[in-house]
Amino acid sequence: MQTRHLLASSVAAIAAFALAGCGSSDSPAATVPADAGLVVYAGPGIKFDQTEYTAAAGSSVKVAYENRDAQRHTLDIVSADKTVIGKELAVGKSGDVEVSTYDLPAGTYSLECLVPGHDAMRATLVVK
Ligand SMILES: [Cu+2]
């Protein structure tokens with residue numbers, strides 16, 4: 001039993017190391033990258049900085065989300081058929097930045113913060 005525990009924790013440690021060391025463009029990032037195809041700011045307050053955003057279509061559009069508010073916010077890119085595209089970005093406190101890349105064909109999407117009570121955080125993303 002003890003051996004099994006040790007093995008399990010070793011595997012977890014190796015997996016964590018591999019994830020941390022993979023050099024992926026996924027978060028956390030310290031600042032908004034210069035080559036971001038879309039930058040969204042949360043707040044101040046329970047809102048995004050714009051009600052409509054535009055981005056160029058692509059298979060690896062880099063999206064950056066920065067928190068300008070004191071509380072946690074998420075960013076979900078939701079397609080017309082209500083499917084969340086790719087990774088949900090989450091920024092816990094002011095100054096936090098999270099970045100991921102998305103496959104975004106041309107179309108109209110909804111940007112949403114899914115934190116309970118944040119229903120006001122909705123914006124339109126036009127990709128073309
Ligand atoms: Cu929010």
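Computed from a predicted model, the values in this text were never measured in an experiment.

(A) Main features of the environment of Gly117. The residue Gly117 is located in the loop between β7 (107-112) and β8 (122-127) in this model. The exposed category is assigned to Gly117, whose relative accessible area is 60%. Remark: the alpha-carbon pair of Gly117 and Ile46, spanning 71 residues in sequence, is separated by 8.9 Å.

(B) Main features of the pattern of salt bridges. All told, the structure shown has 5 salt bridges when counted by the stated rule. One salt bridge connects Asp96 with Lys93, and the closest N-O pair in it is separated by 3.0 Å. Between Arg122 and Asp119 there is a salt bridge whose closest N-O contact spans 4.0 Å. Bridged by salt links that share partners, the residues Glu112, Asp119 and Arg122 form one connected network.

Cut-offs applied
Residues numbered from 1 in each chain as written. Predicted model: local features only at pLDDT ≥ 70, side-chain atom pairs only at ≥ 80, totals over all residues. Heavy atoms only, no water. Helix = DSSP H or I, 4+ residues; strand = E, 2+ residues; numbered from the N terminus. Buried < 20%, exposed > 50% of the residue type's maximum accessible area, 1.4 Å probe, protein only. Salt bridge = Lys/Arg side-chain N within 4 Å of Asp/Glu carboxyl O.

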